[in-house]
Amino acid sequence: MCDVCGCGHHHDSKSPSTSHDHPPFAKGGQGGIIGETRIIDVNESLLKSNESAAISNRAHFDEKGIFSVNIISSPGSGKTTLLEKTIEALKNDINIGVLEGDIETDLDAERIRKKGIPAVQLTTGGACHLESSLVHKGFHELEHQLNGKKLDILFIENVGNLVCPSFFNLGEHIRVVLVSVPEGPDKPLKYPKAFKTSHVFIITKSDLVPYFDFDIEKVKKDALSINPFLNIFVISAKTGEGLKEWFDFIKKQKHD
Amino acid sequence: MHEVSIAMGMIDELTRIARENNARKVITVKLKIGKMSGIVIDSLQFAFDAAKLEYPLLNSTAIFIEEVPLIYECNNCKNTFKTDDIYFPSCPGCKSYNLKILSGEELHIENLEVEV
Ligand SMILES: Nc1nc2c(ncn2[C@@H]2O[C@H](COP(=O)(O)OP(=O)(O)OP(=O)(O)O)[C@@H](O)[C@H]2O)c(=O)[nH]1
Ligand SMILES: [Mg+2]
Ligand SMILES: [Zn+2]
Ligand SMILES: [Zn+2]
Ligand SMILES: [Zn+2]
Ligand SMILES: [Zn+2]
């Protein structure tokens, strides 16, 4: 079905077949060496299998003219809520699709579908982050649901976790990291990799600033010291603060 | 625990490389892991040793990990220095924070020793 990746190949890449042409090893003792030995120089990233699948994801997105956004944060920072607000505001102007990553359940995908937007739930079955091969599968499933309708923006909500997702490129055009006010102001310094690898930083639940010690200017400064290219938004889904700026930013990303 | 996923990805890669080279088994793997890579070396080692048992090519593979130190060059005075400060390193010579990282972010498979 898919010319970019030739499908079927990556979809099962996580389960290397155990059948092979060689006789079984390690029959006696510690599996003593029988043949000759040789060194193979490799010099490649440990993340290579994920990176290759990410490249094919990106090729899919580009071929279809889709702008893709990978949203990462701790559990409960407000990722799904932000998507709900974004969909409400923009669904008449742009075609949005969503991939929802969670360890279990399809509650978040259900929330998105209620807004009248196609969504596919990706359940990792234990893993605390999304990987490219799962996103690839989910993307084809989403296309199936779309039935030929074109997408402008694909949001990928990652599993709630501020560490692991930053290691796994999904082929996205931009990565967006969220920190909510109740989580505390030390997050950029404690989880620098999430900020180093993101393009956008959103401080969420700004309506709660009066109740917490959260110095917004200091947090912005810390985040920029880790990554001076971060585009920063301060929003509240409750009061609507900052949402317009975020919507405008997303509208500008639409291709064509 | 991204280390588990990284170990599984590594198993896929090692299997592919070993097959391409018609290896009967992989004896050792050398990895280079930077001090600022965000990988907990013990967790990776543990995950790999637990998972490898199911793979005939890898079930007796030993991994050797070289931890690569964090080294910066100062953009201001060109001094090169090693540090353990992964958050806010500054140049010991001129105190500048304007630094370029030279090593410490590695996450690499360097080589394998295989039996052919
Ligand atoms: N006060 C306040 N609460 C918010 C805001 N945004 C979200 N919340 C609340 O925060 C809680 C978590 O929001 P979600 O959008 O489900 O968070 P999430 O990041 O998608 O959570 P996971 O998918 O489980 O990681 C919900 O109870 C929301 O109502 C906000 O701007 N202000
Ligand atoms: Mg959610
Ligand atoms: Zn495909
Ligand atoms: Zn495919
Ligand atoms: Zn992890
Ligand atoms: Zn200096």
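My aim in this report is to walk through the structure given alongside it, one point at a time. Bear in mind the structure is a predicted one, so any value in this text is a computation, not a measurement.

Attention now moves to the environment of Glu131(A). Looking at the secondary structure, you find Glu131(A) in the loop between β4 (119-123) and α4 (132-146). Linking Glu131(A) and Asn169(A), residues 38 residues apart in sequence, is a C-alpha distance of 7.5 Å.

Quick look at the interface of chain A and chain B now. With 44 residues of chain A at the contact, the number on the chain B side is 44 residues. Regarding the contact of chain A and chain B, the summed buried area is about 3,600 Å², with carbon and sulfur atoms giving 59% of it. In this structure, the connection of chain A to chain B is made through one salt bridge. Here Arg16(B) ties to Glu44(A) by a salt bridge, and the two come within 3.7 Å at their closest N and O atoms. At the junction of chain A and chain B, the tally comes to 11 residue pairs in polar contact (both at pLDDT 80 or more). Of all the secondary-structure elements, those providing two or more residues to the side of chain A that touches chain B are β1 (37-45), α1 (48-63), α5 (187-190) and α6 (192-196) of chain A. Grouping the constituent residues of the side of chain A that touches chain B by class yields 18 nonpolar, 16 polar and 10 charged. Pairing of β1(A) with strand β6 (residues 107-115) of chain B involves seven bridges; the strand directions are antiparallel. Across the sheet, residue Arg38(A) finds its bridge partner in β6(B), namely Val114(B).

Definitions and cut-offs
Residues numbered from 1 in each chain as written. Chains lettered and ligands numbered in written order. Predicted model: local features only at pLDDT ≥ 70, side-chain atom pairs only at ≥ 80, totals over all residues. Heavy atoms only, no water. Helix = DSSP H or I, 4+ residues; strand = E, 2+ residues; numbered from the N terminus. Contact = heavy atoms within 4.5 Å. Buried area = accessible area lost by both parts, 1.4 Å probe. Salt bridge = Lys/Arg side-chain N within 4 Å of Asp/Glu carboxyl O. Polar contact = N/O pair within 3.5 Å; in protein donor to acceptor, adjacent residues only side chain to side chain. Nonpolar A, V, L, I, M, F, W, Y, C, P; charged D, E, K, R; others polar. Pairing = 2+ DSSP bridges.

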